[in-house]
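Chain by chain, the residues:
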Amino acid sequence: VDLPDGDILIHAGDFTSFGKDEHVADFNAWLGELPHKYKIVAFGNHENNASWHKEAASLLTNAIFLCQADFQIPDGPKVFATDFSIHARLGIPTSTKLQRTWTS
């Protein structure tokens, strides 16, 4: 993939083929080759059930991994990412806890 240079890259999920271990390593290596100062990654449905799901932050060493968390870019915007939710994708009302998270 040929990406233009930039200050911030946000990848919003599906960076693997259904959570395959070797794909997360390849993706992390690719991120390391990119010139962007801030590389922010969130899960998509392909990563949500991966065996390495809970270790994502330590596997993605070339990015800022967000899951129900935010990151303040110095002198820039605050970025928040949720975990993947099938309910949100299908337009089904989410739990009260998620609704509070998304509206705060």
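Residues numbered from 1 in each chain as written. Predicted model: local features only at pLDDT ≥ 70, side-chain atom pairs only at ≥ 80, totals over all residues. Heavy atoms only, no water.

Visitor: Describe the nonpolar core, listing the residues and the values that go with them.
Guide: Inside soluble globular proteins, nonpolar side chains tend to come together where they are buried. F15, L31, V41, W52 and L60 are the most contacted members of the largest nonpolar core, which has 14 residues in total. Here the element with the most residues in this core is helix α1 (residues 21-33); it accounts for three residues. Beyond its immediate chain neighbours, meaning those up to four positions away, L60 contacts F15, V24, F27, N28, V41 and F65. With seven residues, the next largest nonpolar core counts I40, A42, L66 and A81 among its residues. (Core = buried A, V, L, I, M, F, W, Y, C linked by side-chain atoms within 4.5 Å. Buried < 20%, exposed > 50% of the residue type's maximum accessible area, 1.4 Å probe, protein only. Helix = DSSP H or I, 4+ residues; strand = E, 2+ residues; numbered from the N terminus. Contact = heavy atoms within 4.5 Å.)

Visitor: For the packing of aromatic side chains, give the residues involved together with the corresponding values.
Guide: Note on aromatic pairs: each is described by the distance of the centres and the angle between the planes. Per the stated rule, a full pass over the model turns up six aromatic pairs. Taken together, a centroid distance of 5.9 Å and an interplanar angle of 50° make the contact between Y38 and F71 tilted. Of this pair, Y38 sits in strand β2 (residues 38-41) while F71 sits in strand β4 (residues 69-72), and the two are 33 residues apart along the sequence. Taking the relative accessible area as the measure of exposure, F71 reaches 22% and is therefore partly exposed. (Phe/Tyr/Trp six-rings, centres within 6.5 Å; stacked < 30°, edge-to-face > 60°.)

Visitor: Explain the environment of H11 to me, using residue names and the numbers behind them.
Guide: Looking at the secondary structure, you find H11 in strand β1 (residues 8-11). Residue H11 is classed as partly exposed on the basis of its relative accessible area of 21%. Along the sequence, H11 and K39 sit 28 residues apart, while their C-alpha atoms lie 7.7 Å from each other. In contact with H11, other than residues within four places in its own chain, are F27, I40, V41 and A42. Looking at H11, its side chain comes within polar contact range of the main-chain nitrogen of G13, at 3.3 Å. (Polar contact = N/O pair within 3.5 Å; in protein donor to acceptor, adjacent residues only side chain to side chain.)

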